[in-house]
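# Analysis of the macromolecular model
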Amino acid sequence: MLAWPQATIADESGREPSAPRRSNQVAPASAAEVRSRPARSRLPESPALHFAEFLDTGAENRLISPAKPEARLVFWQEDVNEGEEISVEELDQRLQGLEAESAARKRAAAKGFSHRVFGRIQADAVTFSQDAANREQLGNIPNGTDFRRVRIGVQGEGHEIYYYRLEIGFAQADSQTKRRPRITDAYFEIRDLPWLGVLRVGQFREPISIERSTSGNDITFMERGLPQAFNPARRLGVMAFDHSANEKWYWWNGLFAQNSTAFGEQFGDAPRVAWVDRAVWLPWYDKPSEGRYLLQLGASYSYQSIRDQTRKFSSTPEVKLQYGAESVIPNFVNTGNLLMNDFQILQCEASTVLGPLSFQAEYYGVLVDQPGQPTVFLHGAYAFVSYFLTGENRVYDPIQGIYVATKPYSEFFRVRTDRGIGMGPGAWEIAARFSTINLSDGNVQGGRLNDVTLGVNWYLNFQSRIMFNYIHAFLNRYNQPSNADVFAMRAQVVW
């Protein structure tokens, strides 16, 4: 028997739940009944709904069965229990499920650590178009294909309060050692500690920025915005983080080896460390809709002690291609190696979700202290808007304080039945972003880059999606303006 995914629609009150529910207690409504409801009380029409209406015979009993594919499609479109009381039997089933989960956790704790394998594959194709001035400044940029990320890892819990994660990347080489495979995440956590909350030790991302904290699997565009050029990479360190009991406030405090490689290596007599603080406020989170409506605000500060070594800030126009250990796309803006005592990062962020519509923005300011030279100020920002044509919304995890994967109301499928073709559309999202970075101040003349990006995301399911990005890059380098257009596509699967 085919298993048909179910999409959740709004109840008669107009509330749009954010996650699907299933029930076999009540027979589902017909397609005609669904279509007769006000527009605010149902999801946008889909090919499957039209197909179900065409096949609907008007039979009184529409239980799901192999003999009635049209009833299965009607059931896929309608959630009849939304807004109704939960039966005693269903409550008992849920209680039994919770008891079974608790017993499984206790068994796992008695045995030690649990283990779960995870991974991701992201394959990119990129095409460039440059004007004459851009080609003169940067040379001819080739088109190409590349695996942006190919990673596999294992994570698990044990003894009630411990957690670990190890992930290895095979596609991208380490920027310093030029080696691959390389370690991305490798850390260990102790949870539920008094005062500290969660203590994490190992290699992981420094906690700056909502976009940087969002997994590369779940960001809205293929690459993060231009200001991410200021963000440090993963480093060896220790961090304590927690949130308030009402899940309104979140905080992260970390100490890192400032110049460690992707293998945790850093040597030298002078202590080169980085201190990072981040705080997030969630003043509005609509719990009945599981975060379909929310407002999030945050800020970060980082002090990076260089101790008379060189660092540089640089960026491509929000797209990456690598051959071996080298990028084949030149940096459009680049400070070159700067001798520094230290630099400081100040960052602020805001995001909101209003059903299928969402906004997000960040600003970065960076103060660079150079020996024998005046302090320079570099900065960058981005803002984007996204909209789900199929009615879904961006999903915020109120426990972790980050955005996570969106689950389509209906997964993509297309099957042939004895009465025709049944199809689910998946989820469709459109997005637009403006991003800017300025690497010129005083004796530092790294250039200024502005990007306008348009994106289309097709979520086949919550683990697979296809992404399309068009980027127009406006470059001003040494007071010489130039332009480039980038067309990029990504196919992604995670597990």
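Within the chain, the secondary structure is distributed over six helices and 24 strands. Buried positions account for 49% of the 495 residues belonging to the chain. Put simply, 64% of the contacts in the chain that link residues at least 6 apart link residues at least 24 apart. With an accessible surface of roughly 23,100 Å², the chain has 58% of that area assigned to carbon and sulfur atoms.

This part covers unusual backbone geometry. In this model, Trp-195 sits at a positive phi of 70°, which is unusual for a non-glycine residue. Among the structural elements, Trp-195 can be located in the loop between β4 (182-193) and β5 (197-204). With relative accessibility at 89%, the residue Trp-195 sits in the exposed group. The backbone of Glu-247 sits at a positive phi, close to 55°, despite the residue not being glycine. Along the chain, Glu-247 falls in the loop between β6 (235-243) and β7 (249-257).

Looking now at the nonpolar core. Counting residues in hydrophobic clusters, the biggest one holds 59 residues, and the most contacted among them are Phe-313 and Phe-332. With sequence-adjacent residues up to four places away left out, Phe-313 is seen in contact with Ala-229, Phe-230, Val-333, Asn-334, Thr-335, Met-340, Phe-343, Val-366, Val-368, Leu-378 and Leu-439.

In this description, a pair of aromatic rings is defined by centroid distance and the angle of the planes. Per the stated rule, a full pass over the model turns up 18 aromatic pairs. Centroid distance Tyr-162 to Phe-188: 5.7 Å. Interplanar angle 20°. Geometry classified as stacked. On the criterion of sequence distance, the pair formed by Tyr-162 in strand β3 (residues 162-169) and Phe-188 in strand β4 is long-range, its members being 26 residues apart. We classify Tyr-162 as partly exposed; its relative accessible area is 26%. Overall, Phe-188 belongs to the partly exposed group, its relative accessible area being 34%. Residues Tyr-396 and Tyr-403 carry aromatic rings whose centres are separated by 5.0 Å and whose planes lie at 75° to one another, so their mutual orientation is edge-to-face. For Tyr-396, a relative accessible area of 2% corresponds to the buried category.

This next bit is on the pattern of salt bridges. The tally for this structure, following the rule as stated, stands at 16 salt bridges. Arg-120 serves as the salt-bridge partner of Glu-167, at 3.2 Å between the closest nitrogen and oxygen. With Glu-167 in strand β3 and Arg-120 in strand β1 (residues 116-130), this pair connects stretches of sequence that are 47 residues apart. Using a relative accessible area of 1% as the deciding quantity, one classes Glu-167 as buried. One network of salt bridges, in which partners are shared, links Arg-120, Arg-151, Arg-165, Glu-167, Asp-185 and Arg-234.

Its place among the elements puts Ala-405 in the loop between β18 (402-404) and β19 (413-417). Assessed through its relative accessible area of 25%, Ala-405 is described here as partly exposed. Note: C-alpha distance between Ala-405 and Gln-463 (58 residues apart in sequence) is 8.0 Å. Beyond its immediate stretch of four places on either side in the chain, Ala-405 contacts Asp-218, Val-395 and Phe-462.

Attention shifts here to the pairing of strand β23 (residues 464-477). Taking burial as the measure, the 14 residues of β23 include ten buried ones, the bulk of the element. Here 13 bridges tie strand β22 (residues 444-461) to β23, and the two strands are oriented antiparallel to one another. The partner of Gly-455 across the bridge, within β23, is Asn-469. In this structure, the hairpin formed by β22 and β23 is closed by a connection of two residues.

This part is about the pairing of β22. Looking at chain direction, strand β21 (residues 427-441) and β22 are connected through 14 bridges and run antiparallel. Bridged to Ala-431 within β22 is Gly-455. The hairpin formed by β21 and β22 contains two residues between the paired strands, and Gly-442 there has a positive phi angle of roughly 60°.

Let us look at the side chain of Arg-200. Among the structural elements, Arg-200 can be located in strand β5. By relative accessible area, which is 15% here, Arg-200 ends up buried. Only 2.6 Å separates the side chain of Arg-200 from the side chain of Glu-189, close enough to count as a polar contact. For Arg-200, the contacting residues outside a window of four places in its chain are Tyr-187, Phe-188, Glu-189, Gly-237, Val-238, Met-239 and Phe-241.

Time to look at the side chain of Ser-302. Relative to the helices and strands, Ser-302 resides in strand β9 (residues 293-311). In this structure Ser-302 comes out as buried when scored by relative accessible area, which is 0%. Reaching out from Ser-302, the side chain makes a polar contact with the backbone oxygen of Trp-275 at a distance of 3.5 Å. Among the polar contacts made by the side chain of Ser-302, one reaches the side chain of Gln-304 at a distance of 2.6 Å.

Moving on, we get to the environment of Arg-135. Position of Arg-135 among the secondary structure elements: in helix α5 (residues 132-138). Expressed as a C-alpha distance, the spacing of Arg-135 and Ser-482, which sit 347 residues apart in the sequence, is 8.5 Å. Once residues lying within four places of it in the same chain are set aside, the contact partners of Arg-135 are Gln-130 and Asn-140. Only 3.2 Å separates the side chain of Arg-135 from the backbone oxygen of Gln-130, close enough to count as a polar contact.

Okay, the confidence of the model for the chain next. Do not read the predicted coordinates in detail wherever pLDDT is low. Of all residues in the chain, 80% have pLDDT values of 70 or greater, and the mean over the chain is 83. The model gives residues 34-44 a pLDDT under 50, and that stretch makes 30 contacts with residues more than four places away or in other chains. Counting interchain partners and residues more than four positions distant, the pLDDT-below-50 stretch residues 54-83 has 78 contacts.

Another point: the environment of Glu-157. Structurally, Glu-157 can be placed in strand β2 (residues 144-158). The class of Glu-157 is partly exposed, set by a relative accessible area of 34%. Taking the C-alpha atoms as reference points, Glu-157 and Phe-113, separated by 44 residues in sequence, lie 5.3 Å from one another. Reaching out from Glu-157, the side chain makes a polar contact with the side chain of Arg-191 at a distance of 3.2 Å.

What counts and what doesn't
- Residues numbered from 1 in each chain as written.
- Predicted model: local features only at pLDDT ≥ 70, side-chain atom pairs only at ≥ 80, totals over all residues.
- Heavy atoms only, no water.
- Helix = DSSP H or I, 4+ residues; strand = E, 2+ residues; numbered from the N terminus.
- Buried < 20%, exposed > 50% of the residue type's maximum accessible area, 1.4 Å probe, protein only.
- Contact = heavy atoms within 4.5 Å.
- Areas by Shrake-Rupley, 256 points an atom, 1.4 Å probe, with all protein chains shown as cover.
- Core = buried A, V, L, I, M, F, W, Y, C linked by side-chain atoms within 4.5 Å.
- Phe/Tyr/Trp six-rings, centres within 6.5 Å; stacked < 30°, edge-to-face > 60°.
- Salt bridge = Lys/Arg side-chain N within 4 Å of Asp/Glu carboxyl O.
- Pairing = 2+ DSSP bridges.
- Polar contact = N/O pair within 3.5 Å; in protein donor to acceptor, adjacent residues only side chain to side chain.
- pLDDT = per-residue confidence, 0-100.

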